[in-house]
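Chain by chain, the residues:
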Amino acid sequence: VSGAVLFITNSVRLSIIATVSFFMLVGVYGLRFCLRKFTDNKVFLVLVPQTLLFANYTFTDWLVRDDMAEFAALMLLPWLLWWCMKLLIDRKFSLAIVPIMFLLINAHNIVALFALVPLISVYVLFLLKEKIPGFHKTIKNLLWSSIILIMLLAPELILEKMFLRYYDPSKITQAGYL
């Protein structure tokens, strides 16, 4: 996102401000979608999502450390929670999990790895609640989302494998960069 804004505006400052603002909006609206499952109170839906931006670690990521990869991933987590609530409350296995996980993996793969814990937990909880009919109802979308996600990630994994031979962190430390 930042690279695209930098390409268009040729301003580093503007690209950083636009990127942080964009991901803040993504996170706030994700949390707003989550809260809509529980309330229609407009004041609540406007004020509570703003707290996400000033949560300790989130605030540190965007203001102090400027860790955009982690910040982007943290702003995608409310969408992951929205998907989990959609499965548990609406009993629908949405294919929206594909873009959520694709973006999360590309934003920060370690956060995506840890995101598998609630995903698997929620799916197991769903299966415990719905039993065999719930499994039959969701297996098709589970398989399709897995296949689509693998197909989207395959080119990236192939390229990473191809360029792995050129990646040697020991050269950085030997050259005196660290």
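We now turn to the structure provided with this report. Computed from a predicted model, the values in this text were never measured in an experiment.

Cut-offs used in this document
- Residues numbered from 1 in each chain as written.
- Predicted model: local features only at pLDDT ≥ 70, side-chain atom pairs only at ≥ 80, totals over all residues.
- Heavy atoms only, no water.
- Helix = DSSP H or I, 4+ residues; strand = E, 2+ residues; numbered from the N terminus.
- Buried < 20%, exposed > 50% of the residue type's maximum accessible area, 1.4 Å probe, protein only.
- Contact = heavy atoms within 4.5 Å.
- Lys, Arg positive; Asp, Glu negative; His and termini not counted.
- Charge placed at Lys NZ, Arg CZ, Asp CG, Glu CD.
- Polar contact = N/O pair within 3.5 Å; in protein donor to acceptor, adjacent residues only side chain to side chain.
- Patch = residues over 30% accessible without salt bridge, like charges linked within 9 Å, V, L, I, M, F, W, Y side chains within 5 Å.
- Areas by Shrake-Rupley, 256 points an atom, 1.4 Å probe, with all protein chains shown as cover.
- Salt bridge = Lys/Arg side-chain N within 4 Å of Asp/Glu carboxyl O.

**Quick look at the overall build of the protein chain**
Scanning the protein chain from terminus to terminus reveals eight helices and zero strands. Ordered by position in the sequence, the α and β elements of the protein chain form the string α-α-α-α-α-α-α-α. Counting the 178 residues in the protein chain, one finds 33% classified as buried. Look at the contacts in the protein chain between residues 6 or more apart in sequence, and 56% of them connect residues 24 or more apart. Distance between charge centroids for the protein chain: 10 Å, based on 16 positive and 10 negative side chains.

**Considerations on unusual backbone geometry**
The backbone phi angle of Asn-10 is positive, close to 60°, even though this residue is not glycine. Locating Asn-10 in the fold gives a position in the loop between α1 (2-9) and α2 (12-35). Despite not being glycine, Arg-91 shows a phi value in the positive range, around 60°. For Arg-91, a relative accessible area of 35% gives the class partly exposed.

**Here's the deal with the side chain of Arg-32**
Take Arg-32: it is sitting in helix α2. Among the polar contacts listed, one links the side chain of Arg-32 to the backbone oxygen of Leu-45, at a separation of 3.3 Å.

**Overview of a nonpolar patch on the surface**
A contiguous nonpolar patch, built from Leu-95, Leu-143, Trp-144, Ile-147, Ile-148, Met-151 and Leu-152 and spanning about 660 Å² of accessible area, is present on the exposed surface. Tracing the backbone through its elements, the reader meets Leu-152 in helix α7 (residues 109-163).

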